[in-house]
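So the chains spell out like this:
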Amino acid sequence: MKILEKAIEKQTTRRGRAAQALHQGEYLVRLTALGQYFHVADEKGNNTTAIGMGFFPTADPCIVAAFKGPPQPTKEAIFLRAREVGIEEIVLSSQIEILGNTSGLHSEMAIVQAVYGSKNQLRNPEMGLEIACIGKGVCPDCSGYMAKYGIPHTATRSNAASDWVHPFTGAHFHGTDKNFTYGKAGRSFAHAGDWGGEYKKGWAAG
Ligand SMILES: [Zn+2]
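Residues numbered from 1 in each chain as written. Predicted model: local features only at pLDDT ≥ 70, side-chain atom pairs only at ≥ 80, totals over all residues.

A. Region of interest: the overall build of the protein. Along the backbone of the protein there are 5 helices and 9 strands. Of the regular secondary structure in the protein, the N- to C-terminal order runs α-α-β-β-α-β-α-β-α-β-β-β-β-β. Counting over 206 residues, the protein shows a buried share of 36%. At a minimum sequence separation of 6, the contacts of the protein that also span at least 24 residues come to 56%. (Helix = DSSP H or I, 4+ residues; strand = E, 2+ residues; numbered from the N terminus. Buried ≥ 20, exposed ≤ 12 C-beta atoms within 10 Å, placed from the backbone. Contact = placed C-beta atoms within 7 Å.)

Okay, structure coming up:
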């Protein structure tokens, strides 16, 4: 089935890119310090705190934060701490955005979506983004996606997540190889047997 084969190829390519060496980013150390201040680890180490800093051609830079698990700090608290760790570009708490956790996107992809707004902005050389992730580490899918668009980020973990949702198309990649399911635009394709493929209607695309 062509669609599934192409989707698996995309996933494999994306994960392969995660191994690429990437420009370290000017703000990652400070963003990590900022995230560590607010991060609350749970027993299993499943909590993630992701902090991104976005740069725009005609607007002030911003900090976009996503917290999974712990109670969310206020913008004002993040603002004060950002100044303390030397992120002086943030001069108003209105330059800070805190994302909820309901989109199905990994935190890093929710930040990419919030900063870039649309897919074609990813190639805009006047825009920039760096993301520090505290907790489990960046998954190979997010890392590969960010490597593709030159978004500096902190260390990648080796194990992939079972679900990954594309921040702009909503395409949903689930599993790997024989257990692979791909969904897009309300349609779902599941691997069934020997590349027979199966078409199911009604997938709730991310
Ligand atoms: Zn991820």
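B. How the structure looks around the nonpolar core. Counting residues in hydrophobic clusters, the biggest one holds 45 residues, and the most contacted among them are Ile-63, Ile-111 and Ile-131. Listing elements by their share of this core, those giving two or more residues are helix H2 (28-38), strand S1 (48-55), strand S2 (62-68), helix H3 (75-84), helix H4 (107-116), strand S4 (128-134), helix H5 (140-148) and strand S5 (163-165). Each of domain 1 (2-11 + 166-201) and domain 2 (20-163) contributes no fewer than three residues to this core. Those residues within four positions of Ile-63 in sequence are excluded, and the remaining contacts are Ile-51, Met-53, Ile-78, Ala-82, Ile-90, Gln-95 and Ile-96. (Core = buried A, V, L, I, M, F, W, Y, C linked by C-beta atoms within 7 Å. Domains from an automatic or database assignment.)

C. How the structure looks around the pairing of S2. When you tally the buried positions in S2, you get 6 out of 7 residues, the bulk of the element. In this structure, S1 lies alongside S2, joined through 7 bridges in antiparallel fashion. Note on S2: the bridge partner recorded for Gly-54 is Cys-62. Joining the antiparallel neighbours S1 and S2 is a turn of 6 residues. Summarising the sheet, S2 and strand S3 (residues 96-99) pair through 4 bridges and their orientation is parallel. Residue pairing across strands places Val-64 opposite Glu-97, the latter belonging to S3. Viewed along the sheet, the connection from S2 through H3 into S3 turns out right-handed. (Pairing = 2+ DSSP bridges. Right-handed = clockwise from strand over helix to strand, strands pointing away.)

D. How the structure looks around the environment of Gly-52. Mapped onto the elements, Gly-52 comes out in strand S1. Exposure remark for Gly-52: the 28 C-beta atoms within 10 Å place this residue in the buried category. Leaving out residues up to four positions away in the same chain, Gly-52 has contacts with Val-64, Ile-111, Val-115, Leu-129, Glu-130 and Ile-131.

E. The arrangement of unusual backbone geometry in detail. The backbone of Ala-185 sits at a positive phi, close to 50 degrees, despite the residue not being glycine. By the element assignment, Ala-185 lies in the loop between strand S7 (181-184) and strand S8 (187-190).

F. Local environment of the pairing of S1. Burial of S1 is extensive: 7 of the 8 residues sit out of reach of the surface. Bridging between S1 and S4 involves 7 bridges; their strand directions are antiparallel. Within S4, the residue paired with Ile-51 across the bridge is Ala-132.

These figures come from the coordinates and say nothing about function on their own.
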